[in-house]
Amino acid sequence: MTSDTRIGPVALPDTRSRRIVEDLLKGSGVTLNGSSPWDIQVLHPDFFSRVLHQGTLGLGESYMEGWWDCERIDEMAHRMLRHGLGERAHTPSERLMYRLQSGFFNLQSKARAYIVGEAHYDLGNDLFERMLDPTMCYSCGYWKDAETLHEAQVAKLDLAARKLRIEPGMKVLDIGCGWGSFAEHAARHYGAEVTGITISKEQAELARKRCEGLPVEIILEDYRDLEGRFDRIVSIGMFEHVGHRNYRTYFETVERLLADDGLFVLHTIGSNSSEISADPWINKYIFPNGILPSIKHIAQATEGRLLMEDWQNFGADYDRTLMAWQENFDAHWHEIAANYNEKTRRMFRYYLGVCAGAFRARDIQLWQVVYSKGRPGRYDSPR
């Protein structure tokens, strides 16, 4: 059965797999073929056995293939995670395989660094231009005083710039510059000379166009190969791709590149747990080889290298950001539908919804951390 042949929810089969899934959902508020917008509408009788055997990978893939539907995936995920289904949704074989891979191999080595760029960020600028706001920020907005997605993204860029205390003429490095949003903001509004690096060819091409005429250089390069000295360094939404085996190298690189009186802002999604794991579906379809750091991971990797000046958590704002992206994605999909297929559309809707639900459940966080090399005096971080 494919998305083209759906005719509505199927009669729930009287099988052991179905009963196990129902028992897991009991108390979460999510029901099968129910009337609430967060209920799962089962469209294929093998849905239950597939999810039990394949865990979250099976759940995501079966949605992409039209085996089930849900009007509000964000609320479904939120309720399931609050119910404690997050860890139980991963099969033992999933956990074992990832631990073996990450234990024996550096999944984020230089040789593999460009995989996520090719798999996700190079998917197509036309898609991201319609999903994101005009800044092309593909990271959490700052909604403290914002009413729209664009206001939230500009506020996020300016929050990072103010935390860095950028002054005209300063040399600023943007590690993982994306489509050039921070580089453009820092150069245009603060007079900085910015070097931005990315591992995505599509991002680099568009970033150069956006920053044309400004003192901005966009380089397609791995952070480990960088040379030079910078007054300020920022990294927004890139650290999730570094990998636990490279944390120390990453911060050693920042220390080496940062001026003695410099400041560094790290903006990253964070995990509540220090266990090395990754959601198999997200790992396969969205961010290959990605790992979410914990507070412990970051603290251990920076100890003796950098001094933490400030740590802010505004993870709840990512829920609102993701829902705004989904609204844009749905509203503009018809403009690019001919360039993609229905499976891609469902992949993005599932990704945005599940992630929004995870932030709403406080299952994952968003941190902005400010570091120095022990510069003298008091540091008061703006909010």
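Each value, and the rule that gives it
- Residues numbered from 1 in each chain as written.
- Predicted model: local features only at pLDDT ≥ 70, side-chain atom pairs only at ≥ 80, totals over all residues.
- Heavy atoms only, no water.
- Helix = DSSP H or I, 4+ residues; strand = E, 2+ residues; numbered from the N terminus.
- Buried < 20%, exposed > 50% of the residue type's maximum accessible area, 1.4 Å probe, protein only.
- Contact = heavy atoms within 4.5 Å.
- Areas by Shrake-Rupley, 256 points an atom, 1.4 Å probe, with all protein chains shown as cover.
- Salt bridge = Lys/Arg side-chain N within 4 Å of Asp/Glu carboxyl O.
- Core = buried A, V, L, I, M, F, W, Y, C linked by side-chain atoms within 4.5 Å.
- Axes fitted to C-alpha atoms, helices over the stretch in contact; angles between N-to-C directions.
- Parallel < 35°, antiparallel > 145°, perpendicular 65-115°, else oblique.
- Left-handed = near helix turned anticlockwise from the far one by under 90°.
- Nonpolar A, V, L, I, M, F, W, Y, C, P; charged D, E, K, R; others polar.
- Polar contact = N/O pair within 3.5 Å; in protein donor to acceptor, adjacent residues only side chain to side chain.
- Pairing = 2+ DSSP bridges.

Caption draft 1: Focus on the overall build of the chain. Counting its regular elements, the chain contains 15 helices and 9 strands. For the chain, the proportion of its 383 residues judged to be buried stands at 56%. In the chain, the share of contacts with a sequence separation of at least 24, taken over all contacts with a separation of at least 6, comes to 74%. Accessible surface, the chain: about 16,400 Å² in total, of which carbon and sulfur atoms supply 51%.

Caption draft 2: Here's a closer look at the environment of Ile233. Topologically, Ile233 is positioned in strand 6 (residues 230-236). Residue classification places Ile233 among the buried residues on the basis of a relative accessible area of 0%. Distance in space between the C-alpha atoms of Ile233 and Thr195 is 9.6 Å, their sequence separation being 38 residues. In this structure, Ile233 is in contact with Leu164, Leu173, Ile175, Val254, Leu257, Leu258, Leu263, Phe264 and Val265, ignoring residues within four places of it in sequence.

Caption draft 3: Main features of the pattern of salt bridges. A complete count under the given rule lists 29 salt bridges for this structure. Between Arg50 and Glu65 there is a salt bridge, and its shortest N-O distance comes to 2.9 Å. Residue Arg50 is found in helix 2 (residues 47-64), and its partner Glu65 is found in the loop between helix 2 and strand 2 (68-69); the two are separated by 15 residues along the sequence. Judged by relative accessible area, which is 13%, Arg50 ranks as buried. Across the pair Arg360 and Glu75 runs a salt bridge whose closest N-O atoms are separated by 2.7 Å. Residue Arg360 is located in helix 15 (residues 342-360), and its partner Glu75 is located in helix 3 (residues 73-82); the two are separated by 285 residues in the primary sequence. Residues joined in a network through salt bridges with shared partners are Arg72, Asp74, Glu75, Arg79, Asp319 and Arg360.

Caption draft 4: Region of the structure containing the nonpolar core. If you look at the biggest cluster of nonpolar residues, it comprises 60 residues, and the most contacted ones within it are Trp68, Tyr138 and Tyr351. Sorting elements by how many residues they give to this core places helix 15 first, with 9 residues. Formed by 27 residues, the second largest nonpolar core is a distinct cluster that contains Leu164, Ala192, Ala204 and Ile218.

Caption draft 5: View of the packing of helix 1 (residues 16-25) against helix 2. Where helix 1 meets helix 2, the axes come as close as 8 Å, and the angle between the chain directions of the two elements is 65°. Between helix 1 and helix 2, the crossing angle belongs to the class labelled roughly perpendicular. Of the two possible hands of crossing, helix 1 and helix 2 adopt the one that is left-handed. Here helix 1 contributes Ser17, Arg18, Ile20, Val21 and Leu24 to the contact with helix 2, which in turn contributes Phe48, Ser49 and Leu52.

Caption draft 6: The packing of helix 3 against helix 15, seen in detail. Between helix 3 and helix 15, the least distance of the axes is 7 Å, while the angle of their chain directions is 40°. Taken together, the axes of helix 3 and helix 15 lie oblique to each other. Viewed along their axes, helix 3 and helix 15 form a crossing whose handedness is right-handed. Two secondary-structure elements touch here, helix 3 through Ile73, Asp74, Glu75, Ala77, His78 and Leu81 and helix 15 through Arg349, Tyr350, Gly353, Val354, Ala356, Gly357, Ala358 and Arg360. In terms of residue class, the contact of helix 3 with helix 15 is built from 7 nonpolar, 3 polar and 4 charged.

Caption draft 7: Representation of the side chain of His267 in the model. Tracing the backbone through its elements, the reader meets His267 in strand 7 (residues 258-271). Engagement of the side chain of His267 in a polar contact is seen with the side chain of Gln368, the distance being 3.1 Å. Discounting chain neighbours no more than four positions away, the residues touching His267 are Ser139, Cys140, Lys156, Ser235, Ile236, Gly237, Met238, Phe314, Leu366, Trp367 and Gln368.

Caption draft 8: Highlighting unusual backbone geometry. Residues other than glycine seldom take positive phi values, yet Met136 does so here, at roughly 60°. Structurally, Met136 is set in the loop between helix 7 (125-131) and helix 8 (149-164).

Caption draft 9: The sheet that holds strand 8 (residues 307-313), seen in detail. Judged by pairing direction, the sheet is mixed, and its 7 strands sit side by side in the order 5-4-3-6-7-9-8 without closing on themselves. Edge strands, defined here as strands with exactly one partner in the open sheet, are strand 5 (216-220) and strand 8. Going from strand to strand, the sheet's axes swing by 15° on average, the running direction of each strand aside. By the bridge criterion, 9 bridges tie strand 7 to strand 9 (residues 364-372) in an arrangement that is antiparallel. Looking at the pairing, Gly270 lines up with Gln365 of strand 9. Its contacts with the sheet put helix 13 (residues 295-302) on strand 7, strand 8 and strand 9, and the angle it makes with strand 9 is roughly 20°.

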